[in-house]
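# Report on the structure
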Amino acid sequence: MKTVHTKKELEAAVKAGTREIEVRGNLAKAIHERRATRKKVGIGAAILAVGGIAAAPFTGGASLVATGPSFATILAVSIGAGLLVAIREGYEEIDFEITTQGARLRLRKKGKA
């Protein structure tokens, strides 16, 4: 198991195909929260996009312009969209906990026991 504390260390571990990764600190909390809210954000973005498209005839297309930046803002995360996709597609969350020593997230490469 590889323990990481920074985005750079996590990127290296994912790129190397590390079987199990333990993420510590604020990075662990941020990844866990992003994974947990992914569905909610996806649903919210879809509703926002549909609303912007539906309002287009009444706003002269201005709502379409407003919809684009809002969706982009949702996707712009400090961790990096590419890294999040790599984690989501390649790793499953084993457990997450917050203790007095900070947050800890364990990830396991999908398809491996």
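As shown above, the structure is provided for reference.
Just so we're clear, the structure is a prediction, and the values are computed from it rather than from any experiment. (Residues numbered from 1 in each chain as written. Predicted model: local features only at pLDDT ≥ 70, side-chain atom pairs only at ≥ 80, totals over all residues. Heavy atoms only, no water.)

### A closer look at the pattern of salt bridges
The full count for this structure, using the stated rule, is 8 salt bridges. A salt bridge links Arg19 to Glu20, with the shortest nitrogen-to-oxygen separation between them at 3.5 Å. A salt bridge links Glu20 to Arg108, with the nearest nitrogen and oxygen atoms 3.3 Å apart. Pair noted here: Glu20 is in strand β2 (residues 20-24) and Arg108 is in strand β4 (residues 102-109), with a separation of 88 residues, a long-range link. (Salt bridge = Lys/Arg side-chain N within 4 Å of Asp/Glu carboxyl O. Helix = DSSP H or I, 4+ residues; strand = E, 2+ residues; numbered from the N terminus.)

### Focus: the pairing of β4
Pairing geometry for β2 and β4, over 5 bridges, is antiparallel. Across the sheet, the residue bridging to Glu20 is Arg108, located in β4. Here strand β3 (residues 91-99) pairs with β4 via 8 bridges, running antiparallel. Each residue of the ladder has a partner; that of Phe96, found in β4, is Leu105. Here β3 folds back onto β4, and the loop between the two strands holds 2 residues. (Pairing = 2+ DSSP bridges.)

### Topic: the sheet that holds β3
Overall, mixed pairing links the 4 strands, which are arranged β1-β2-β4-β3 in an open sheet. Both outer strands of the open sheet, β1 (2-4) and β3, are each paired with one neighbouring strand and no more. On average, each strand axis in the sheet is tilted by 20° relative to the strand beside it, whichever way the strands run. Against the sheet, helix α4 (residues 81-90) contacts β3 and β4, and its axis sits at roughly 110° relative to β3. (Axes fitted to C-alpha atoms, helices over the stretch in contact; angles between N-to-C directions. Contact = heavy atoms within 4.5 Å.)

### Quick look at the pairing of β2
Counted residue by residue, β2 has 4 buried out of 5 residues, so it is predominantly covered. Of the strand pairs in this sheet, β1 and β2 are connected by 3 bridges, and their pairing is parallel. Paired with Val4 across the two strands is Val23, which belongs to β2. Between β1 and its parallel partner β2, the chain crosses via helix α1 (residues 7-15), and the hand of that crossover is right-handed. (Buried < 20%, exposed > 50% of the residue type's maximum accessible area, 1.4 Å probe, protein only. Right-handed = clockwise from strand over helix to strand, strands pointing away.)

### Describing the packing of α1 against α4
Between α1 and α4, whose axes approach to 11 Å, the crossing angle comes to 45°. In this view, α1 runs oblique relative to α4, as classed from their interaxial angle. Considering how the two elements wind past one another, α1 and α4 form a crossing that is left-handed. Along the contact surface, α1 presents Lys7, Leu10, Glu11 and Val14, while α4 presents Leu83, Ala86 and Ile87. In terms of residue class, the contact of α1 with α4 is built from 5 nonpolar, no polar and 2 charged. (Parallel < 35°, antiparallel > 145°, perpendicular 65-115°, else oblique. Left-handed = near helix turned anticlockwise from the far one by under 90°. Nonpolar A, V, L, I, M, F, W, Y, C, P; charged D, E, K, R; others polar.)

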